[in-house]
Protein chains: 2
Amino acid sequence: MCEANAYLQEGEEEVLLMEGVDVIEPYEDGLRLVDIFGKQKFIKAKIKDMTLLNHRIILETGEDKK
Amino acid sequence: MCEANAYLQEGEEEVLLMEGVDVIEPYEDGLRLVDIFGKQKFIKAKIKDMTLLNHRIILETGEDKK
């Protein structure tokens, strides 16, 4: 299975947001994530980095870019 | 292996841009893609849709949104 885990970057930390992510798509001013069970989450964030072989998706809210 | 193929949406068609994509990250006003061999491509596009279980990443340039 090739799902990934999505983490939200908060300062220096990466907080696990969602496991088993299958679908990622833009939604309004953020993203829609859907996991392998069909559960979805909406988050005002953008993709900071993604490494599929490591199953890691790092998201950031951009709020610390003032 | 959990790499994906990146396609560029051109009108109704999806044109294969890069196979075996591992890393995707924002780069300037577009994206940087790196495949499993370390080859990289830069493209002025954004992620339209991504389904990891299907190993598909759809990119769009946004030029047809005028």
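These numbers were taken from a predicted model, which means no experiment stands behind them.

## Topic: the state of the cysteines
Enumeration according to the criterion identifies 1 disulfide over all chains in this entry. At a sulfur-sulfur separation of 2.2 Å, the disulfide partner of C2 of chain A is C2 of chain B. Judged by the sign of its S-S torsion, about -70°, the cystine formed by C2 of chain A and C2 of chain B is left-handed. Placement of C2 of chain A in the segment before β1 (4–10) and of C2 of chain B in the segment before β1 (4–10) is noted, with the two residues assigned to different chains.

## Thoughts on the pattern of salt bridges
Residues and elements named next belong to chain A. For the coordinates displayed, the defined rule picks out 8 salt bridges over all chains. The salt bridge partner of E14 is R56, with a shortest N-O separation of 2.4 Å. Remark: R56 occurs in strand β6 (residues 56–60) and E14 occurs in strand β2 (residues 13–27); sequence separation between them is 42 residues. In this structure R56 comes out as partly exposed when scored by relative accessible area, which is 28%. With a shortest N-O distance of 2.8 Å, R32 and E25 are connected by a salt bridge.

## Overview of the confidence of the model for chain A
Per-residue pLDDT for chain A has a mean of 93; in total, 94% of the residues score no lower than 70. Model confidence for the complex: the whole-complex pTM is 0.88, and ipTM, which rates the interface, is 0.85.

## Some details on the packing of aromatic side chains
Residues and elements named next belong to chain A. Overall, the coordinates contain 2 aromatic pairs over all chains when judged by the stated rule. Taking 4.6 Å as the distance between ring centres and 50° as the angle between the ring planes, the aromatic pair formed by Y27 and F42 counts as tilted. Residue Y27 is found in strand β2, and its partner F42 is found in strand β4 (residues 40–43); the two are separated by 15 residues along the sequence. With a relative accessible area of 37%, Y27 lands in the partly exposed category. One cation-aromatic arrangement involves R56 over Y7; the distance from NZ or CZ to the ring centre is 4.8 Å.

## Quick word on the side chain of E3 of chain A
By the element assignment, E3 of chain A lies in the segment before β1. Within the buried set, E3 of chain A has no salt-bridge partner at all; the shortest N-O distance to an opposite charge, 13 Å, is to K39 of chain A. Sequence-distant contacts of E3 of chain A, that is, excluding residues within four places in its chain, are made with G20, V21, I36 and H55 of chain A together with L52 and L53 of chain B.

## Side note on the environment of K39 of chain B
Residue and element names in this part refer to chain B. Assignment of secondary structure puts K39 in the loop between β3 (30–35) and β4 (40–43). Each C-alpha atom, one on K39 and one on E3, is 13 Å from the other, the two residues being 36 residues apart in sequence. When neighbours within four sequence positions are excluded, K39 is seen to be in contact with M18, L33 and V34.

## Some points on the interface of chain B and chain A
Many structure descriptions define interface size as the accessible area lost when the parts assemble. Facing 20 residues of chain B, the contacting portion of chain A comprises 20 residues. Between chain B and chain A, roughly 1700 Å² of surface is buried when both sides are summed, and carbon and sulfur atoms account for 67% of that area. Per-residue buried area on chain B facing chain A is highest for C2, L52 and L53 of chain B; these three make up 39% of the total on that side. Where chain B meets chain A, there are 0 salt bridges.

Conventions and cut-offs
Residues numbered from 1 in each chain as written. Chains lettered and ligands numbered in written order. Predicted model: local features only at pLDDT ≥ 70, side-chain atom pairs only at ≥ 80, totals over all residues. Heavy atoms only, no water. Disulfide = S-S within 2.5 Å. Helix = DSSP H or I, 4+ residues; strand = E, 2+ residues; numbered from the N terminus. Salt bridge = Lys/Arg side-chain N within 4 Å of Asp/Glu carboxyl O. Buried < 20%, exposed > 50% of the residue type's maximum accessible area, 1.4 Å probe, protein only. pLDDT = per-residue confidence, 0-100. Phe/Tyr/Trp six-rings, centres within 6.5 Å; stacked < 30°, edge-to-face > 60°. Lys NZ or Arg CZ within 6 Å of the ring centre and 35° of its normal. Lys, Arg positive; Asp, Glu negative; His and termini not counted. Contact = heavy atoms within 4.5 Å. Buried area = accessible area lost by both parts, 1.4 Å probe.

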